[in-house]
Amino acid sequence: MVRLSYIALFLIVTSGAAPTKRELSVPNSSYGINAHVPTDAELANIQAAGIAWARVDFSWNRIQPTRGIFEWGTYDTLVENANARNVFLHAMLVHAPQWANGGRGPGYPAKESSDWKNFVRAVVNRYKRSIKYWGIWNEPDIASEIASPAMYVKEILIPAAEVIHELDAEGKVCAPELGRKSNWLFEVLNVAKDYVDVITANNYEVEPDGRRTVRSIMNKFDGRRSSLQEPSYKSVLQRAGVFRLKPFWCTETGWPTNSGGENRRDVVSEQDQARLYVDLLKQIHNHNWIDKVFFYELRDDPTYGVAKWGILRADLSEKPAYHAYRSYMPGFRTSFTLKFHKIVYTL
């Protein structure tokens with residue numbers, strides 16, 4: 001998905017200390033949310049919902065907009081706040097600056113591998129006491145800038161993985177943060193599975209009429225419900241020889257409740273968004289090879305022309321899906337009942 005930040009990034013050039021070390025005890029939780037670059041108020045909502053994980057954007061072009069100068073202020077604050085609220089971060093390393101990729105858009109990789117590796121080294125060194133899971137790019141398979149799986153592996157994945165594993169024995173490389181192309185996933189794993197600790201992929205599969213259903217999403221996972229133009233994720237993992245041998249995370253899925261002016265067929269009501277969350281969570285619970293799911297997303301993007309995927313509205317008020325997801329968390333499961341279309345869902 002297009003990833004936008006909701007806060008002003010106060011670019012502070014600093015060589016100050018990294019955020020305070022947290023006592024890392026990675027939660028045995030299967031649930032997360034996409035949050036871009038969350039404010040403390042947004043992290044408070046994640047914490048209040050009992051959601052253990054936030055998938056966030058560590059954008060190279062914001063951290064190092066100029067060669068040799070790192071602007072850590074926003075991200076130091078983010079990591080400190082997440083530590084304080086016991087929210088664990090799945091940090092995506094994304095978005096090359098123009099000085100590194102020849103003046104092109106942020107989806108293009110660096111022209112020199114050394115620039116990319118230096119960035120990864122700086123970020124991991126600074127935050128490795130707090131962050132252990134690093135996503136390598138986002139949706140490279142549907143970015144026109146990434147010509148092939150081989151290009152992604154050679155120019156992005158392997159250089160980053162080598163640095164992460166060198167700097168932190170506990171650091172995990174999460175890749176390829178796939179958009180949708182299952183065959184692309186196989187090509188990456190076929191040549192680079194030894195560099196990957198957690199296999200990550202998004203799932204926005206729709207029915208032939210453009211609606212997104214629980215059936216269409218689960219079909220993309222395991223392929224048992226109808227034919228797919230591409231193999232299911234499960235069949236790809238089996239073919240690559242990694243099924244159940246490496247964790248598999250669904251890093252994005254969900255439903256928008258407003259088109260935001262876009263022409264799309266997958267918009268649902270706020271009530272139906274909550275119902276669909278519950279139905280999908282129940283299905284994923286029965287597929288124990290899907291280790292985590294990160295819904296897209298925490299908060300509606302207020303920008304006109306961008307669909308509203310959040311479980312919070314732009315003003316941070318809660319949609320029904322926020323309560324539905326909260327009610328699925330350990331410790332909350334009997335606290336909320338959903339009533340839709342004369343069907344009662346008790347969690």
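Here is what the cut-offs are and how they apply
- Residues numbered from 1 in each chain as written.
- Predicted model: local features only at pLDDT ≥ 70, side-chain atom pairs only at ≥ 80, totals over all residues.
- Heavy atoms only, no water.
- Helix = DSSP H or I, 4+ residues; strand = E, 2+ residues; numbered from the N terminus.
- Buried < 20%, exposed > 50% of the residue type's maximum accessible area, 1.4 Å probe, protein only.
- pLDDT = per-residue confidence, 0-100.
- Contact = heavy atoms within 4.5 Å.
- Salt bridge = Lys/Arg side-chain N within 4 Å of Asp/Glu carboxyl O.
- Core = buried A, V, L, I, M, F, W, Y, C linked by side-chain atoms within 4.5 Å.
- Polar contact = N/O pair within 3.5 Å; in protein donor to acceptor, adjacent residues only side chain to side chain.
- Phe/Tyr/Trp six-rings, centres within 6.5 Å; stacked < 30°, edge-to-face > 60°.
- Lys NZ or Arg CZ within 6 Å of the ring centre and 35° of its normal.
- Pairing = 2+ DSSP bridges.
- Axes fitted to C-alpha atoms, helices over the stretch in contact; angles between N-to-C directions.
- Parallel < 35°, antiparallel > 145°, perpendicular 65-115°, else oblique.
- Left-handed = near helix turned anticlockwise from the far one by under 90°.
- Nonpolar A, V, L, I, M, F, W, Y, C, P; charged D, E, K, R; others polar.

## Regarding the environment of Gln229
Right, so step 1: Here Gln229 lies in the loop between helix H8 (214-222) and helix H9 (233-240).
Right, so step 2: Take Gln229: its relative accessible area is 86%, and that puts it in the exposed class.
Right, so step 3: For the pair Gln229 and Ser182, spaced 47 residues apart in the sequence, the C-alpha separation amounts to 9.6 Å.

## Some words on the confidence of the model for the chain
Close inspection of predicted coordinates is inappropriate in any region flagged by low pLDDT.
Right, so step 1: On average, residues of the chain carry a pLDDT of 90, and 86% of them reach 70 or more.
Right, so step 2: Segment residues 2-15: pLDDT under 50, and 45 contacts once partners within four positions in sequence are set aside and those in other chains are kept.
Right, so step 3: Throughout residues 334-347 the model reports pLDDT below 50, and contacts reaching past four residues in sequence, or to other chains, amount to 37 contacts.

## A short note on the pattern of salt bridges
Right, so step 1: Within the structure shown, the criterion is met by 19 salt bridges.
Right, so step 2: Across the salt bridge formed by Asp168 and Lys132, the nearest N and O atoms sit 2.8 Å from each other. Here Lys132 lies in the loop between helix H5 (113-127) and strand E4 (133-136) and Asp168 lies in the loop between helix H6 (149-167) and strand E5 (172-178), a separation of 36 residues in the sequence.
Right, so step 3: Of the charged contacts in the structure, one is a salt bridge between Glu170 and Lys132, with a shortest N-O distance of 3.3 Å. Of this pair, Glu170 sits in the loop between H6 and E5 while Lys132 is found in the loop between H5 and E4, placing the two residues 38 residues apart along the sequence.
Right, so step 4: Beyond isolated ion pairs, a larger network of salt bridges with shared partners links Arg212, Glu262, Arg264 and Asp266.

## Overview of the environment of Tyr304
Right, so step 1: The residue Tyr304 is located in the loop between strand E8 (292-295) and helix H11 (320-328) in this model.
Right, so step 2: The exposure class of Tyr304 is exposed, given its relative accessible area of 72%.
Right, so step 3: Separated by 42 residues in the primary sequence, Tyr304 and Glu262 place their C-alpha atoms 8.8 Å from one another.
Right, so step 4: Ignoring any residue separated from it by four or fewer positions in sequence, one finds Tyr304 in contact with Gly260 and Gly261.

## Notes on the nonpolar core
Right, so step 1: Counting 95 residues, the largest nonpolar core has Phe58, Trp116, Ile136, Tyr152, Leu157, Phe221 and Tyr325 as the members making the most contacts within it.
Right, so step 2: In terms of residues, this core owes the most to one element, H6, which gives 10 residues.
Right, so step 3: Aside from chain neighbours lying at most four places away, what touches Trp116 is Trp60, Leu93, Ala110, Ile136, Trp137, Glu155, Ile156, Pro159 and Ala160.
Right, so step 4: Within the second largest apolar cluster, 8 residues are counted, among which are Ala52, Tyr133, Cys174 and Val198.

## Examining the side chain of Asp76
Right, so step 1: Position of Asp76 among the secondary structure elements: in helix H3 (residues 73-84).
Right, so step 2: Residue classification places Asp76 among the buried positions, given a relative accessible area of 13%.
Right, so step 3: Looking at Asp76, its side chain comes within polar contact range of the side chain of Arg126, at 2.8 Å.
Right, so step 4: Here Tyr127 takes part through its side chain, which lies 2.7 Å from a polar atom of the side chain of Asp76.

## Notes on the packing of aromatic side chains
Two descriptors summarise a pair of aromatic rings, namely the distance from one centre to the other and the angle between the planes of the rings.
Right, so step 1: Counted under the stated rule, the structure contains 31 aromatic pairs.
Right, so step 2: Measuring from ring centre to ring centre gives 5.7 Å for Tyr31 and Tyr328, while their planes differ by 85°; the resulting arrangement is edge-to-face. Of this pair, Tyr31 sits in strand E1 (residues 31-36) while Tyr328 is found in helix H11, placing the two residues 297 residues apart along the sequence.
Right, so step 3: Note on Tyr328: relative accessible area 7%, which makes it buried.
Right, so step 4: Taken together, a centroid distance of 3.8 Å and an interplanar angle of 15° make the contact between Tyr277 and Phe295 stacked. Remark: Phe295 occurs in strand E8 and Tyr277 occurs in helix H10 (residues 270-285); sequence separation between them is 18 residues.
Right, so step 5: Exposure remark for Tyr277: the relative accessible area of 0% places this residue in the buried category.
Right, so step 6: Clustering of aromatic rings is evident, with ring pairs tying together Tyr31, Trp255, Tyr277, Phe295, Tyr325 and Tyr328.
Right, so step 7: One Lys or Arg, Arg239, reaches over the ring of Phe186 and ends 3.7 Å from the middle of that ring.

## As for the sheet that holds E8
Right, so step 1: An order of E1-E2-E3-E4-E5-E6-E7-E8 is seen for the 8 strands of this closed barrel, with the pairing classed as parallel. Across the sheet, the mean angle separating the axes of adjacent strands is 25° when strand polarity is ignored.
Right, so step 2: Sheet analysis places E1 next to E8, joined by 3 bridges and oriented parallel. When the bridges of E8 are listed, Tyr31 appears paired with Val293.
Right, so step 3: Docked against the sheet, helix H7 (residues 182-192) engages E5 and strand E6 (198-202), running at close to 150° with respect to E5.

## Looking at the packing of H8 against H10
Right, so step 1: Between H8 and H10, the least distance of the axes is 10 Å, while the angle of their chain directions is 30°. Judged on the interaxial angle alone, H10 and H8 are roughly parallel. Once H8 is placed against H10, the crossing between them reads as right-handed. Between H8, through Val214, Ile217, Met218 and Phe221, and H10, the contact on the second element is made entirely by Leu276, Asp279, Leu280, Gln283 and Ile284.
Right, so step 2: Looking at the contact of H8 with H10, its residues break down into 7 nonpolar, 1 polar and 1 charged.

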